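In case you want the letters, here they are:
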Amino acid sequence: MSYINSILPALLDGVKMTLGVFFLTLIGAIPLGMLVSVGLIQRGKNILAKAGKAILSAYIWVFRGTPLLLQLIFVFYGLPLIGIVFDRFSAVIFTFILNYAAYFAEIYRGGFGAVEEGQFEAATVLNMTRWQTLRYVVIPQVLKIVLPSMGNEVINLVKDSSLVYVIGLGDLLRAGEVATSRDVTLVPLVLVAVIYLVMTLLLTLLQRRVEKSFSYYK
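All values derive from a computational prediction rather than experimental measurement. (Residues numbered from 1 in each chain as written. Predicted model: local features only at pLDDT ≥ 70, side-chain atom pairs only at ≥ 80, totals over all residues. Heavy atoms only, no water.)

Colleague: How should the side chain of Glu 153 be read in this particular structure?
Modeller: Counting through the fold element by element, Glu 153 comes out in helix α6 (residues 130-160). Nearest to the buried, unbridged Glu 153 among oppositely charged side chains is Arg 64, at 7.7 Å. Ignoring any residue separated from it by four or fewer positions in sequence, one finds Glu 153 in contact with Tyr 100, Tyr 103, Phe 104 and Ile 107. (Helix = DSSP H or I, 4+ residues; strand = E, 2+ residues; numbered from the N terminus. Buried < 20%, exposed > 50% of the residue type's maximum accessible area, 1.4 Å probe, protein only. Lys, Arg positive; Asp, Glu negative; His and termini not counted. Salt bridge = Lys/Arg side-chain N within 4 Å of Asp/Glu carboxyl O. Contact = heavy atoms within 4.5 Å.)

So this is what it looks like as structure tokens:
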């Protein structure tokens, strides 16, 4: 226990970094993913609308089709070659938001596809604007439909945050690896695993509570 107490402060500092990446990514990626998905389901047939959809589709294809680790390396080490420079933490948040927004956008798009077309038509009959239809009729149903998939992605985000080590940030896993290498023991990594399990358990319980709050959409 004395050894655990000696390494716990370093692990908790790593938890702060992990939670910072987690919350800031969600704050940016959830609304951005929604905006991208709304852009993808627009029905405009003019050249501008088609070009917008093509750009959004390409963005999703790139960020879902390449590893997050590679994206982090490209943003932090590659973009400075063309004059775009991020500090380490900003590079992580920027990359994580773009990556997870792409996944969230596809999840939302699937949710929009599950809403019956007749609901859009009924809203039109009631003289509701496109925005009012989305806000009051469609999006609440979409959120209920996508909650399980969103919950899985949110839990993955906790684990993916460990990738920040590649550009030199000290997160929970890195703190455990440093202690393990220094003291030649697996105890720090066991503690890291326990902390990750506790965080994912809390998120799972929160997800179930949120799903229950949407139970009136049946």
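Colleague: What is the right way to read the layout of surface pockets from this model?
Modeller: Where empty space is left becomes clear once a probe the size of a water molecule has been rolled over the atoms. Estimates place the volume of the largest pocket at around 330 Å³. Among the elements of the structure, α1 (2-41), α6 and α8 (187-213) are those that each provide at least two residues to the lining of the largest pocket. By residue number, the principal contributor to the lining of the largest pocket is α6, which donates 7 residues. Its residues assigned to classes, the lining of the largest pocket comprises 14 nonpolar, 3 polar and no charged. (1 Å grid on protein atoms, 1.4 Å probe; cavity = no way out; pocket = protein on both sides within 12 Å on 5 of 7 lines; lining within 4 Å. Points joined across faces, edges and corners; volume = space filled by probe spheres on them. Nonpolar A, V, L, I, M, F, W, Y, C, P; charged D, E, K, R; others polar.)

Colleague: Is there a simple way to explain the pattern of salt bridges in this structure?
Modeller: Once the charged atoms of two side chains with opposite charge are near each other, the side chains can pair. Taken as a whole and assessed by the stated rule, the structure comprises 4 salt bridges. Notably, a salt bridge pairs Arg 109 with Glu 106, separated by 3.0 Å at the nearest N-O pair. Of this pair, Arg 109 and Glu 106 both sit in helix α4 (residues 88-114), separated by 3 residues, roughly a single helical turn. Classification of Arg 109 as partly exposed rests on a relative accessible area of 38%.

Colleague: I would appreciate a short explanation of unusual backbone geometry in the present structure.
Modeller: Glycine aside, residues mostly have negative phi, and peptide bonds are mostly found in the trans state. The phi dihedral of Val 184 falls on the positive side, at around 50°, and the residue is not glycine. Residue Val 184 is classed as exposed on the basis of its relative accessible area of 73%.

Colleague: Any chance you could explain the UniProt feature "transmembrane region" (unreviewed entry) in the protein here in plain terms?
Modeller: Mapped onto the present numbering, the UniProt feature "transmembrane region" (unreviewed entry) falls at residues 20-41, 61-86 and 186-206. For residues 20-41, the end-to-end C-alpha separation is 32 Å, with 100% helix and 0% strand making up the annotated structure. A distance of 31 Å separates the end C-alpha atoms of residues 186-206, which is 95% helix and 0% strand. (UniProt positions renumbered as here; feature names shortened; annotations may be inferred.)

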